[in-house]
There are 2 protein chains.
Amino acid sequence: MSAVSCTPTMGRPRAFDVDTALEKALEVFWRNGYDGTSLSDLTEAMGINKPSLYAAFGNKEQLFLKAIEFYENRACSFFLPALEKPTAYEVAEHMLYGAAMNMTDSDHPQGCIVVQGALSCSEAAATVKEALKNRRVEGGEKLCERFKRAIAEGDLPADVDAEVLACYLGTVLQGMAIQATNGATSEQLRQVAQMTLQAFPRR
Amino acid sequence: MSAVSCTPTMGRPRAFDVDTALEKALEVFWRNGYDGTSLSDLTEAMGINKPSLYAAFGNKEQLFLKAIEFYENRACSFFLPALEKPTAYEVAEHMLYGAAMNMTDSDHPQGCIVVQGALSCSEAAATVKEALKNRRVEGGEKLCERFKRAIAEGDLPADVDAEVLACYLGTVLQGMAIQATNGATSEQLRQVAQMTLQAFPRR
DNA sequence: GGCTTTGTGTACCCTTTGGTAAAAAACCAC
DNA sequence: GTGGTTTTTTACCAAAGGGTACACAAAGCC
């Protein structure tokens with residue numbers, strides 16, 4: 001199941017659990033950003049030494065990318081499940097309320113690592129910055145596709161612009177990540193979600 | 001006028017213009033973030049040596065804070081002027097369309113440095129992270145005050161929740177900064193602005 | 001038991017980081 | 001010119017950055 005490494009049968013067994021270590025790394029990257037996280041921060045949080053980190057994950061950049069994958073596959077992810085809802089309105093509703101809940105959850109850093117993990121960063125972080133940007137853009141495209149389908153199904157009025165609607169929803173979702181880091185409560189974000197839905201076309 | 005230093009009459013004159021150098025520093029910080037910007041990046045962009053930088057601006061942290069001040073006092077700032085508009089709706093309108101224009105202006109990096117300058121960062125950047133967070137929160141509070149005034153003036157319905165309205169608008173504005181870094185065009189952001197205004201109560 | 005294979009721990013590599021000491025240079029007042 | 005004052009230049013510092021060599025330890029295989 002672990003996407004990171006197939007445990008070999010020979011040789012000394014690993015003394016740590018790869019997914020647990022990845023989860024710790026995710027939390028550090030989430031809180032401090034890519035540039036703001038040092039290898040010492042990582043090895044300390046993960047409870048392993050540098051050679052173990054490099055053997056298991058490649059390097060800092062690859063570790064970050066694997067942490068992002070781990071993040072998106074977590075049980076509490078809300079984006080993809082929301083896309084499956086039967087109507088466009090319910091898609092938006094579940095996504096907005098899911099974000100309000102998830103981004104303020106005190107079990108992990110506030111906000112969203114795909115937004116804040118490497119927003120403005122050094123040349124050395126250009127690859128991960130691009131990777132996160134692509135994920136944000138792809139999220140918008142998935143929303144757009146979903147709304148186009150809704151129009152085709154007659155679930156949304158034919159004169160609705162799916163791209164604008166997706167961009168609007170994406171803007172609010174990404175803005176909620178910033179609000180969460182500002183200290184907004186889940187209740188405040190739920191009210192933002194409610195207002196956002198007021199501008200949302202219903203069949 | 002320069003808030004940075006009163007030019008002394010004695011001694012060797014400065015070989016660079018403080019405000020020009022500050023503008024260059026702002027651009028680097030804006031593009032790379034606080035953690036992602038090194039002193040070499042700064043001195044190269046500003047065209048000065050490190051001792052000159054330290055003499056004129058203190059250190060990296062103080063230079064960043066002065067760059068933020070410079071940023072907020074620029075001619076093309078839109079936030080404070082929008083607050084002065086006669087009605088709450090016009091306040092929101094000017095702020096949203098101002099953001100759509102400003103955050104995609106190719107004369108400088110995309111987005112907003114108050115949002116992306118130090119969103120997730122190292123312990124060493126905790127001070128500037130906090131400073132930016134405070135500015136974002138204060139922006140929301142100013143919006144809230146403005147909307148409360150609008151309610152008192154009868155410009156907004158009495159049953160409107162000024163706090164929710166301010167949080168909603170702040171969320172969209174901060175989300176627009178992310179969209180701009182994603183590569184959104186000013187036209188796309190204008191359409192987001194238009195949709196946002198649909199949820200805005202009118203008298 | 002030995003052999004092979006893999007992971008761990010320590011100690012190290014070079015580069016870059018933020019920041020400064022000290023001397024030379026450019027100005028003003030006299 | 002001389003003295004006082006400030007800025008520039010060059011060279012440097014200690015610490016931290018990402019990354020690795022190497023010896024040793026722990027497992028399966030035979």
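Cut-offs and rules
- Residues numbered from 1 in each chain as written.
- Chains lettered and ligands numbered in written order.
- Predicted model: local features only at pLDDT ≥ 70, side-chain atom pairs only at ≥ 80, totals over all residues.
- Heavy atoms only, no water.
- Least-squares fit on C-alpha atoms with pLDDT ≥ 70 in both.
- Contact = heavy atoms within 4.5 Å.
- Near = heavy atom within 4 Å.
- Polar contact = N/O pair within 3.5 Å; in protein donor to acceptor, adjacent residues only side chain to side chain.
- Helix = DSSP H or I, 4+ residues; strand = E, 2+ residues; numbered from the N terminus.
- Nonpolar A, V, L, I, M, F, W, Y, C, P; charged D, E, K, R; others polar.
- Salt bridge = Lys/Arg side-chain N within 4 Å of Asp/Glu carboxyl O.
- Buried < 20%, exposed > 50% of the residue type's maximum accessible area, 1.4 Å probe, protein only.

Under the fitted operation, chain B is carried onto chain A by 0.0 Å of movement along the axis and a turn of 180 degrees, and the coordinates agree to an RMSD of 0.1 Å. Here the transformation between the copies is reduced to the relation of a two-fold axis. In terms of proximity to the rotation axis, the leading residue of chain B is G175 of chain B, whose C-alpha is 1.8 Å off the axis. Mapped onto chain A, 100% of the interface residues of chain B are again interface residues, and the two copies thus contact each other with one and the same surface.

L39, K50 and Y54 of chain A together with A15 and N49 of chain B are the nearest of the 24 residues found near DNA strand D. R12 of chain A has a polar side-chain atom sitting 3.4 Å from a base nitrogen of DNA strand D. In the model, a phosphate oxygen of DNA strand D is placed 3.4 Å from a nitrogen or oxygen of the S40 of chain A side chain. Elements supplying a minimum of two residues to the surface near DNA strand D: α2 (39-46) and α3 (50-57) of chain A together with α3 (50-57) of chain B. Across the surface near DNA strand D, the residue classes tally to ten nonpolar, nine polar and five charged.

Attention shifts here to the pattern of salt bridges. Evaluated as defined, the whole model comprises ten salt bridges over all chains. A salt bridge links K133 of chain A to E130 of chain A; the shortest N-O distance between them is 3.7 Å. Linking K133 of chain A with E130 of chain A, this pair stays in helix α8 (residues 126-152), spanning three residues, or about one helical turn. What makes K133 of chain A partly exposed here is its relative accessible area of 23%. Residue R31 of chain B is joined to E27 of chain B by a salt bridge in which the shortest nitrogen-to-oxygen separation is 3.2 Å. In this pair, R31 of chain B and E27 of chain B both sit in helix α1 (residues 18-32), four residues apart, roughly one turn of the helix. According to the relative accessible area criterion, R31 of chain B is partly exposed, its value standing at 41%. Judged by relative accessible area, E27 of chain B falls into the partly exposed class, the value being 31%.

By themselves, these are just geometric observations and shouldn't be taken as functional.
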